[in-house]
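The lines below spell out each chain.
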Amino acid sequence: MTMSDLTQCVVTPRVATKGFDPVGVGIHRASTIVFEDAAAYASRGARGEAGYSYGLYGTPTTRTLEEKLTRLEQGTRTFLTPSGQAANALAAMAFLEKGQHILLADTVYPPMRDFALNDLARMGVEVAFFDPTDLEDLKARIRPETRMIWCESPGSTTMELMDIPAAADLAHKAGALLGVDNTWATPLNLKPLTLGADIVIEALTKYVAGHSDVLMGSITVRDPDLAKPLKDMIGRMGIGASPDDASLVLRGLETLGVRMRHSGEVAYRFAERLVGHPMIDQVLLPGLAGTQGYDLFKRDFLGNSGVFTLTFPDKSAANVFAALDHFCVFAIGASWGGTRSLAAPMPVRANRTATQWQGPDVTLRLSIGLEDENELWDDLQRFLDALASPSVRTDAAE
Ligand SMILES: *Cc1c(COP(=O)(O)O)cnc(C)c1O
C-alpha cells in the first residue's frame, strides 16, 4: 500500500534488528503495544507472565532490570516500583488485611513507620513495633493475627543488626511473612531471601542506581505464590516504572560492585580512625569490631557499605549544625549511595517507641562517595575541629 507523507510520518517502517547486539540494554518506551491481528489482540490476556500487552505491565527494559535483580537476590520474581518507599508500602499492603497484625522493627526507615501508622492502620491493620536486637521482645509481641514482620538490618541510621534467620523462623512458625528492606547492604552484600526472608525490597535510588539522579525501588519474592497477589495489586493501582529510569538503574548496576567495594573500604578505614575521637561518642558501622551485631555481620554479610553514622557526646552535640557548614567536599543532603559524599544530620528519638534512644538527639549519617580519600578525610577533620570550637572559621569554609 502506498502512503502519503502524513501517514508515513506516523507509521514507522521496521528495520532489521537481527545482528544488532549492543552491550547495554535498549530503552523501550511504550504505553500501546500493537498486535499483529484481531485474534492476537483478543487473546492478549493469555500471553502469560513473559508476554507483553500494555506498557504499564512491563517493557523489555524494565523486565531486564527485574530479571537481573531476581538473579542477584536469588528470588523467583521482581517488581519495579517508582521509588524505594513505594516498594516498602506496596510489599506490606499486598499481604495485609483488616484485623491482621504487622510487627515492624523499631529502626525501620521512618516513612515506612509513618505508612504503617497512618495507612495500614486506616485499613484496619494493627501496627506494633519491636526491638530488632532482642528476639525475645519480637517473640513476645507475636499474636495469632500477626501476618507480617518487617525489618531493616542494619536499622536506618542507627545501624542495629537483626538475626534474620531467627526472625524468619519465628515468623514462619506464626504463619507470618518476613519482609526485609535491604537498601544498605544491596543484594551484593546481603541476600535476605537465602536467609529465610520471604520478601526483600531495595531502594534502587541509593547504591544500585548510584548517581543521585533517579528514584526507583524493587520488590523480590522467594515463593512464586507471593508474586501473583503483588503483581495484581500493583497493576490495579496503576503503578509502573519508567523505562528511561530503569535504563539509568541498569547502567548504575554495572558499576555497583566496584563502587560499593571502594566506598565500603574507605568508610571502614574512616570509621576505625574515628573511634575514640573526643568529639564523637559512637561510630556506627556494621562490621566494625566491637559494634552491636558484629557476629551477625560476620555470619550473614558479604561486605559493608559506605554509609555510617556518628553520635555525639553532650559537649559537641550542640555544635553539629554549625560545624556542618565547614564541610567543603561532603555535600549536605538526604539520601545516599551516590558518587558524591553526603552528610545528613538525623534526629532519632521521635522515631522510636519499642526502644529508647540514649544520648543527644542528633546523629550524623555519612555516605562515602568516590572522591579522593585524603581530601575527604581532611574535610572530616575540618568538621571535627569545628565541633570542638564552632566559632573558629577555617579558610577552607569560605
Ligand atoms: C532511601 C530509603 C528508602 C526509600 O527510597 P526512595 O527511593 O528514596 O523512596 C527505603 N528504605 C531505606 C532503608 C532507604 O534508605
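Our structure is the block above this text.
The rules behind these values
- Residues numbered from 1 in each chain as written.
- Predicted model: local features only at pLDDT ≥ 70, side-chain atom pairs only at ≥ 80, totals over all residues.
- Heavy atoms only, no water.
- Buried < 20%, exposed > 50% of the residue type's maximum accessible area, 1.4 Å probe, protein only.
- Helix = DSSP H or I, 4+ residues; strand = E, 2+ residues; numbered from the N terminus.
- Pairing = 2+ DSSP bridges.
- Contact = heavy atoms within 4.5 Å.
- Axes fitted to C-alpha atoms, helices over the stretch in contact; angles between N-to-C directions.
- Near = heavy atom within 4 Å.
- Polar contact = N/O pair within 3.5 Å; in protein donor to acceptor, adjacent residues only side chain to side chain.
- Areas by Shrake-Rupley, 256 points an atom, 1.4 Å probe, with all protein chains shown as cover.
- Salt bridge = Lys/Arg side-chain N within 4 Å of Asp/Glu carboxyl O.
- Patch = residues over 30% accessible without salt bridge, like charges linked within 9 Å, V, L, I, M, F, W, Y side chains within 5 Å.

**Details of the pairing of strand S1 (residues 77-81)**
Okay, so step 1: When you tally the buried positions in S1, you get 5 out of 5 residues, the bulk of the element.
Okay, so step 2: As paired elements, S1 and strand S7 (residues 217-221) share 5 bridges and run antiparallel to each other. Bridge pairing links Thr78 to Thr220 in S7.

**Digging into the sheet that holds strand S11 (residues 342-346)**
Okay, so step 1: Read across the open sheet, the 5 strands follow the order S8-S9-S12-S11-S10; overall the sheet is mixed. Here the strands that pair on one side only, and so sit at the sheet edges, are strand S8 (283-284) and strand S10 (331-332).
Okay, so step 2: Inspection of the sheet shows strand S9 (residues 307-311) paired to strand S12 (residues 363-367) by 5 bridges, in the antiparallel sense. Each residue of the ladder has a partner; that of Thr309, found in S12, is Arg365.
Okay, so step 3: Across the face of the sheet, helix H11 (residues 256-274) comes into contact with S8 and S9 while running at roughly 15 degrees to S9.

**With respect to the pairing of strand S2 (residues 101-105)**
Okay, so step 1: Counted residue by residue, S2 has 5 buried out of 5 residues, so it is predominantly covered.
Okay, so step 2: As paired strands, S2 and strand S3 (residues 126-130) are joined by 5 bridges and run parallel to one another. If you follow Leu103 over to S3, its bridge partner there is Ala128.
Okay, so step 3: As judged from the 4 bridges shared by S2 and strand S4 (residues 146-152), these two strands associate in the parallel manner.

**Describing the site of the ligand**
Okay, so step 1: Taken together, 14 residues lie near the ligand, and Gly84, Gln85, Asp181, Thr205 and Lys206 sit nearest.
Okay, so step 2: One of the side-chain N or O atoms of Asp181 is found 2.6 Å from a nitrogen atom in the ligand.
Okay, so step 3: Separating an oxygen atom of the ligand from a side-chain N or O atom of Lys206 is a distance of 2.5 Å.
Okay, so step 4: Expressed as a share of its isolated accessible area of 380 Å², the protein-covered part of the ligand is 91%.
Okay, so step 5: Considering each element in turn, the shell around the ligand owes the most residues, 3 residues, to helix H4 (residues 84-93).

**Thoughts on H4**
Okay, so step 1: Of all the 10 residues making up H4, 9 are buried; the element is thus mostly covered by neighbouring parts of the structure.
Okay, so step 2: Those residues of H4 lying buried are Gly84, Ala86, Ala87, Asn88, Ala89, Leu90, Ala91, Ala92 and Met93.
Okay, so step 3: Between a side-chain oxygen at the N-terminus of H4 and the backbone nitrogen of Gln85 the separation is 3.4 Å; the capping residue is Ser83.

**A closer look at the pattern of salt bridges**
Okay, so step 1: Per the counting criterion, the structure on display carries 17 salt bridges.
Okay, so step 2: Here Asp244 makes a salt bridge to Arg29, at a shortest N to O gap of 2.7 Å. Of this pair, Asp244 sits in helix H10 (residues 243-254) while Arg29 sits in the loop between helix H1 (5-10) and helix H2 (38-42); the two residues are 215 residues apart in sequence, bridging distant segments of the chain.
Okay, so step 3: Exposure remark for Arg29: the relative accessible area of 62% places this residue in the exposed category.
Okay, so step 4: Across the salt bridge formed by Asp106 and Arg113, the nearest N and O atoms sit 3.1 Å from each other.
Okay, so step 5: The buried category is assigned to Arg113, whose relative accessible area is 3%.
Okay, so step 6: Beyond isolated ion pairs, a larger network of salt bridges with shared partners links Glu126, Arg143 and Glu145.

**What about a nonpolar patch on the surface?**
Okay, so step 1: A cluster of nonpolar side chains, namely Met1, Met3, Val10 and Val11, defines an oily patch on the protein surface of about 460 Å² accessible area.
Okay, so step 2: Relative to the helices and strands, Val11 resides in the loop between H1 and H2.

**Some details on unusual backbone geometry**
Okay, so step 1: Residue Pro154 is reached from Ser153 by a cis peptide bond, and omega for that bond is 5 degrees.
Okay, so step 2: With respect to the helices, strands and loops of the structure, Pro154 is situated in the loop between S4 and helix H7 (164-173).
Okay, so step 3: You will see that Thr157, though not glycine, has its phi angle at about 70 degrees, which is positive.
Okay, so step 4: Turning to its location among the elements, Thr157 is positioned in the loop between S4 and H7.
Okay, so step 5: Thr157 sits in the buried class, given a relative accessible area of 9%.
Okay, so step 6: Of note, Ser335 is a non-glycine position whose phi angle comes to about 70 degrees, a positive value.
Okay, so step 7: Here Ser335 is to be found in the loop between S10 and S11.

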